[in-house]
Amino acid sequence: MSLRPLRFLGDPVLLETAKPVDAFDAALATLVRDMFETMYAAPGRGLAAPQVGVSRRVFVVDTQWKEADPAPMIFVNPKMIARSDETAVGTEACLSIPGRSFVVSRPIWVDMTWQDLDGVSHEGRFEGVEAVCVAHEFDHLNGLLITQTGTPQ
């Protein structure tokens with residue numbers, strides 16, 4: 001495992017729509033391991049592949065590790081299939097935009113499908129902080145930053 005350099009606001013890879021993952025191989029496993037190491041060291045709760053310069057539809061999340069035992073989650077080729085009409089407004093930060101925070105409106109729950117490192121499909125509902133985190137990372141895969149979806153605080 002190794003830390004990967006983060007990409008910051010102004011880097012064009014952050015504004016690209018990431019390409020689907022088509023190879024569930026050792027390179028993908030290495031990318032995901034490195035992403036977790038980079039995220040925990042940053043320290044963050046989520047990290048999308050474009051944030052380490054890889055334009056692929058992969059993100060990792062661990063919303064619990066700062067307060068409880070780690071609960072790492074891997075999302076490969078995620079799709080948001082439903083979301084609540086009800087939203088909540090909260091403050092978000094981003095590892096690619098250090099030192100700044102933004103007020104963002106997010107759905108209170110999201111339903112997603114995704115694949116794991118073996119290509120096995122999963123489906124789940126995320127609520128609260130998990131919904132915020134997966135929605136934030138999902139935006140990264142679509143080239144959206146909180147500078148575009150939120151208001152500076």
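Structural data are supplied above this passage.
Every value quoted in this text rests on a predicted model; they were computed, and no experiment measured them. (Residues numbered from 1 in each chain as written. Predicted model: local features only at pLDDT ≥ 70, side-chain atom pairs only at ≥ 80, totals over all residues. Heavy atoms only, no water.)

Tallied over the entire structure, the rule returns six salt bridges. With a closest N to O distance of 2.9 Å, Arg4 and Asp34 form a salt bridge. One end of the pair, Arg4, is in the segment before helix H1 (26–41); the other, Asp34, is in helix H1, and 30 residues separate them in sequence. Arg7 is the salt-bridge partner of Asp11, the closest N and O atoms lying 3.0 Å from each other. Each of Glu92, Arg106 and Asp139 takes part in salt bridges that share partners, so that together they form one network. (Salt bridge = Lys/Arg side-chain N within 4 Å of Asp/Glu carboxyl O. Helix = DSSP H or I, 4+ residues; strand = E, 2+ residues; numbered from the N terminus.)

Pairing is antiparallel in the open sheet, where five strands are placed in the order S1-S2-S3-S6-S7. Every interior strand has two partners, whereas the edge strands, strand S1 (46–48) and strand S7 (121–127), have only one. Taking each pair of neighbouring strands and ignoring which way they run, the sheet shows an average axis angle of 40°. Strand direction decides the pairing type here: strand S2 (residues 58–61) and strand S3 (residues 73–83), joined by four bridges, are antiparallel. Residue pairing in the sheet places Phe59 in a bridge with Phe75 of S3. Sitting on the sheet, H1 touches S1, S2 and S3, and the angle it makes with S2 is about 40°. Most of the contacts of helix H2 (residues 128–141) go to S2, to which it runs at about 155°, and overall it touches S1, S2, S3, strand S6 (109–115) and S7. (Pairing = 2+ DSSP bridges. Axes fitted to C-alpha atoms, helices over the stretch in contact; angles between N-to-C directions. Contact = heavy atoms within 4.5 Å.)

Taking strand neighbours across the sheet as the criterion, the three strands line up as S4-S5-S8 in an open arrangement whose pairing is antiparallel. Whereas interior strands pair on both sides, the edge strands pair on one side only; in this sheet they are strand S4 (87–93) and strand S8 (151–152). Note: strand S5 (residues 101–107) against S8, two bridges, orientation antiparallel. Paired with Phe102 across the two strands is Pro152, which belongs to S8. Each of S4 and S5 is contacted by H2, which is oriented at about 105° to S5, the strand it contacts most.

Let us now look at the environment of Met73. Tracing the sequence through the fold places Met73 in strand S3. Measuring from C-alpha to C-alpha, the distance between Met73 and Pro152 comes to 28 Å, with 79 residues separating the pair along the chain.

With 14 residues, H2 should reach 20 Å at 1.5 Å per residue; the first-to-last C-alpha distance of 21 Å fits that figure. Taken across its 14 residues, H2 has 10 buried, putting it largely inside the fold. For H2, the complete set of buried residues consists of Ala131, Cys133, Val134, Ala135, His136, Glu137, Phe138, Asp139, His140 and Leu141. Phi for Gly143, located one or two positions after H2, is positive at around 75°. (Expected span 1.5 Å × (residues − 1). Buried < 20%, exposed > 50% of the residue type's maximum accessible area, 1.4 Å probe, protein only.)

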